[in-house]
Amino acid sequence: MFVFSVKPVFSILVATLSLLILFALLSPPSSSPFSQIPLSGKPPLLGEVDIWSVRRLVEWRPCNWWLQGHQTALPLETNGYIRVDCYGGLNQMRRDFCDGVGIARLLNATLVLPKFEVASYWNESSGFADVYDVDYFIEQMSGFVKVVKQLPPEIASKEPVHVDCSKRKGQFDYIESVLPSLLEHKYISITPAASQRRDRYPLYAKAALCQACYKALRLTRSLETKASQLLDAIPKPFMSLHLRFEPDMVAYSQCQYPGLSPTSMKAIEAAQIDRKPWTGELARIWWLRGKCPLTPNETALILKSLSISPTTNIYLAAGDGLMEIEGLTDVYTNIFTKASLLSGEDFMNMHGNTKAALDYYVSINSDSYVATYFGNMDKMVSAMRAFKGLYKTLFLSRKGFAELTSKGLEGKELMQELWKLHRDDFVNGRGSALPECFCEFKL
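Rules of the game
- Residues numbered from 1 in each chain as written.
- Predicted model: local features only at pLDDT ≥ 70, side-chain atom pairs only at ≥ 80, totals over all residues.
- Heavy atoms only, no water.
- Helix = DSSP H or I, 4+ residues; strand = E, 2+ residues; numbered from the N terminus.
- Buried < 20%, exposed > 50% of the residue type's maximum accessible area, 1.4 Å probe, protein only.
- Contact = heavy atoms within 4.5 Å.
- Areas by Shrake-Rupley, 256 points an atom, 1.4 Å probe, with all protein chains shown as cover.
- Salt bridge = Lys/Arg side-chain N within 4 Å of Asp/Glu carboxyl O.
- pLDDT = per-residue confidence, 0-100.
- Core = buried A, V, L, I, M, F, W, Y, C linked by side-chain atoms within 4.5 Å.
- Polar contact = N/O pair within 3.5 Å; in protein donor to acceptor, adjacent residues only side chain to side chain.
- Pairing = 2+ DSSP bridges.
- Axes fitted to C-alpha atoms, helices over the stretch in contact; angles between N-to-C directions.
- Expected span 1.5 Å × (residues − 1).
- Phe/Tyr/Trp six-rings, centres within 6.5 Å; stacked < 30°, edge-to-face > 60°.

## Some remarks on the overall build of the chain
A tally of helices and strands in the chain yields 21 helices and twelve strands. Relative to its 443 residues, the chain shows a buried fraction of 49%. For the chain, the proportion of contacts with a sequence separation of at least 24, taken over those separated by at least 6, is 78%. Total accessible area on the chain is roughly 22,500 Å²; 56% of this is exposed by carbon and sulfur atoms.

## Describing the pattern of salt bridges
Where charged atoms from two side chains of opposite charge approach closely, those side chains can pair. Within this structure, the stated rule accounts for 13 salt bridges. Across the pair Arg95 and Asp96 runs a salt bridge whose closest N-O atoms are separated by 2.9 Å. Beyond isolated ion pairs, a larger network of salt bridges with shared partners links Arg56, Glu59 and Arg61.

## Quick word on the confidence of the model for the chain
Looking at the chain, the pLDDT average stands at 85 and 84% of residues meet or exceed 70. Mean pLDDT across the elements of the chain bottoms out in helix α1 (residues 6–26) (41) and peaks in strand β7 (residues 238–242) (98). Note that pLDDT drops below 50 for residues 1–42; the model gives that stretch 17 contacts with residues more than four away or on any other chain.

## Here we look at the nonpolar core
Phe137 and Tyr174 are the most contacted members of the largest nonpolar core, which totals 82 residues. The biggest single contributor to this core is helix α9 (residues 203–216), with nine residues. With near-sequence residues (within four places) excluded, Phe137 lies in contact with Phe97, Val101, Leu111, Val147, Ala212, Ala216 and Leu217. Counting residues in hydrophobic clusters, the runner-up holds 40 residues, among them Leu260, Cys292, Val370 and Leu414.

## Considering the side chain of Ser363
Tracing the backbone shows Ser363 in helix α18 (residues 352–364). Only 2.8 Å separates the side chain of Ser363 from the backbone oxygen of Asp359, close enough to count as a polar contact. Residues contacting Ser363, with those up to four places away along its chain left out, are Ser240, Ala317, Tyr369, Met377, Val381 and Arg385.

## A word on the sheet that holds β7
Read from one edge of the open sheet, five strands run β9-β8-β7-β10-β11, paired in parallel fashion. Edge strands, defined here as strands with exactly one partner in the open sheet, are β9 (335–336) and β11 (393–395). Across two bridges, the pairing between strand β8 (residues 313–317) and β9 is parallel. Bridging across to β9, Ile314 finds its partner in Ile335. Most of the contacts of α18 go to β8, to which it runs at about 145 degrees, and overall it touches β7, β8 and β10 (368–371).

## As for helix α3 (residues 90–106)
Side chains that are three or four residues apart share a direction in an α-helix, a result of its 3.6 residues per turn. The end-to-end C-alpha separation of α3 is 24 Å, in line with the 24 Å expected for 17 residues at 1.5 Å each. Within α3, 15 of the 17 residues are buried, leaving the element largely enclosed by the surrounding structure.

## Some thoughts on the sheet that holds strand β4 (residues 147–148)
Across the sheet, five strands lie side by side as β4-β3-β2-β6-β5; this open sheet has parallel pairing. Edge positions in the sheet fall to β4 and β5 (161–164), since each has one partner strand and no second. The pairing of strand β2 (residues 81–86) with strand β6 (residues 187–191) spans four bridges and is classified as parallel. Looking at β6, one finds that Val84 is bridged to Ile190.

## Structural notes on the packing of aromatic side chains
Tallied over the full model, the rule gives 13 aromatic pairs. Centroid distance Trp66 to Phe438: 6.2 Å. Interplanar angle 75 degrees. Geometry classified as edge-to-face. Of this pair, Trp66 sits in helix α2 (residues 64–67) while Phe438 sits in strand β12 (residues 438–442), and the two are 372 residues apart along the sequence. Since its relative accessible area comes to 2%, Phe438 is described here as buried. With 5.4 Å between their ring centres and 45 degrees between their planes, Phe128 and Tyr132 make a pair best called tilted.

Structure representation (structure tokens):
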């Protein structure tokens, strides 16, 4: 008669299971969404994994003091009326208007709908109400700041007294410098200071700014419909690329680009006016400081170093007259633009603000966003993407690219160094949101 002993077999099974569990715990997951690329040592082989696969250590999220509600009740009496006068492109005007909302709350003023610049240079004649949903804005700002569509009769017949703060720098104080004019005239217009110290605002004024910028500014129904149609037309998934290499941008930078085509050089010269490019050692110093826009060819090289596949669908968020685009499209062939996706007549009838609004909408809803600059649109888009919980956002480093190439690096060595540079930026959330409204969150 054969007797089967259970105890030894059970012991073997327990030991085997223990080894399997230990092995599983020690082995890195092969396809986990949290799989890590080493943050030190030798980077992965080019083409092996893209930049978005790196595990981030820092995120920027909306601060609780803003999201949790109003800090201070609005006073019953107002000190007067403020209109914000906005100049430049749409995103610069949006930035100035957001600042103006914070200033109005700081000074206990009633906010009048802003004045948007009419500029032939931008092919622009649309105002605030042509781009943004006014009723929605007023509704969302309730409790943060008083907003009116129309002025009372005793004020409406007057032109506001303009207080230009745009050139003010350093320790500029709106209460000391602007409030006296508001109290005296009761109706003023302001152009906010570009370098104002928002960190000195009380929380209720900062909350008004944040609420305006990221929750209250919604496109008009017709413009949002067009933007949604444009978004739907782009093959998914896709990356939005904000590429800045237009003649005016290059002329403004005062940088030298000796390898450009005669057509591009002619366009830049026409845009220079009195801004002549730096020469000699000054030109080199300017370039090393990261002041020169990346060319499409340089952009393509950096994207390749980040293992962004050449088959990636890319929506090109860019202004009119983009130069040397072949440097990008020769490498990345799935490029989509407003002009290619919208009907010709529809595209030709759009103003500068409308085009910028479409680019903004598509960019904040893209699967990933890459910018070759760090301008007004890029700051607004990156912050809005952080607000929506979309963190595949990266700014290509002009300064880093200049420093690496100035050392004579090229080929695979250059690409590996570019990978490490941008990997560190992405991991640590550098430049991913505006600090006025967002707080750093360690992962």
